[in-house]
Amino acid sequence: MQKEIIKTPVGDLVPFYEISDGRQKNRPSVEYFKGGALYSIYLQEQTEIQTPLGKVPAELITFYESGAIKRIFPLYGQLSGFWTEDQEYELATDIEFNLQGEMKKVKPMCLYFYESGQLASITIWPKERLTVHTPYGDITTDLGVEFYESGEIKSVEPVLGSILRLPKSEKFRVEPLIQSSDGVTNWNDGVLYPYYSMAFRMHANDNSLKFEKDGRIAGIRTVPLYKYKKYVEKTRIAI
C-alpha cells in the first residue's frame, strides 16, 4: 500500500498503509457508508483530533453519515502474545473532561458521542477509576459511564465492592427493577451490592446500574449475594 491523504470531517488524515511497530490491526484502513460518506478511518499514526471535548489523540475514528464524530479510540493496537494489554496501556494518555461539574482526568479506551456532539459514554482502561455521585452514594467504576444526551448519568458499571444504600421508601419501587441471572437478588436490608459478572467489558454503553434523569435507579443487573461474596473473597475486598 502507498501513503495517501484522506480528506475527513476532522481534517486531512493519513490512513494506515504500512506496519510500523508491529501492533497495528489487520482491518480496513478506510470504510464508507453505502451513500459514499466516510464511516471510519484507521490511522497510520496516532493523531490529535479536535472533538467536542477538545483535542484528543486518535488511532481509529468512526463517523455518523452526517460527518459528525461517533467514536474515537485513542489506541487501537492488536493485543497478542507479542503485545499485551499492559504494554498497550503504557501508551495511554489522560484526557480531562467535566463530570458532574468536576474536572476529571482519566485514560480512555473509547469516547462515544451523540450526533449532536454531546458525550454518550466514556470507556476507560481497567486500571483506571472514575467516581460518580448518586442519591445513593458515590459509585466507582473501572469500566466507564454512559450519559443522557442532556448530560445526566444514564448508567455505570460499578467496580466490585461497591455498595448502594437505599431508603426504605425506595424498596418496593426498586426491588422489581433488580435483574439476577438465577432469580435471587442480593438485596439485604436496604443495601445492594451491585455487580454483574457477565458485563460486556468492551464498552460502557448499557451498563448494569441504570438511572433516571433525576438520579433515581431505573434498573439493576446483579448476581445473588452468595455469588457476590465469592467474587469478593477471590479479590480480598472487605465489604
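Residues numbered from 1 in each chain as written. Predicted model: local features only at pLDDT ≥ 70, side-chain atom pairs only at ≥ 80, totals over all residues. Heavy atoms only, no water.

The next thing to look at is the overall build of the chain. Secondary structure assignment for the chain yields three helices and 18 strands. Going through the 239 residues of the chain one by one, you find that 47% of them count as buried. Contacts spanning at least 24 positions in sequence make up 54% of the contacts within the chain whose residues lie at least 6 apart. (Helix = DSSP H or I, 4+ residues; strand = E, 2+ residues; numbered from the N terminus. Buried < 20%, exposed > 50% of the residue type's maximum accessible area, 1.4 Å probe, protein only. Contact = heavy atoms within 4.5 Å.)

Glancing now at the packing of aromatic side chains. Counted by the stated rule, this structure contains five aromatic pairs. Consider the rings of Phe-33 and Tyr-39, whose centres lie 5.2 Å apart with planes at 85°: the pair is edge-to-face. Its relative accessible area of 32% is what places Tyr-39 among the partly exposed residues. Here the aromatic cluster, defined as three or more aromatic residues joined through ring pairs, consists of Phe-16, Tyr-42, Phe-73 and Tyr-76. Sitting above the plane of the Tyr-76 ring, Lys-25 keeps its charged end 3.9 Å from the centroid. Between Arg-71 and the ring centre of Tyr-112, over which it is positioned, the NZ or CZ distance is 4.1 Å. (Phe/Tyr/Trp six-rings, centres within 6.5 Å; stacked < 30°, edge-to-face > 60°. Lys NZ or Arg CZ within 6 Å of the ring centre and 35° of its normal.)

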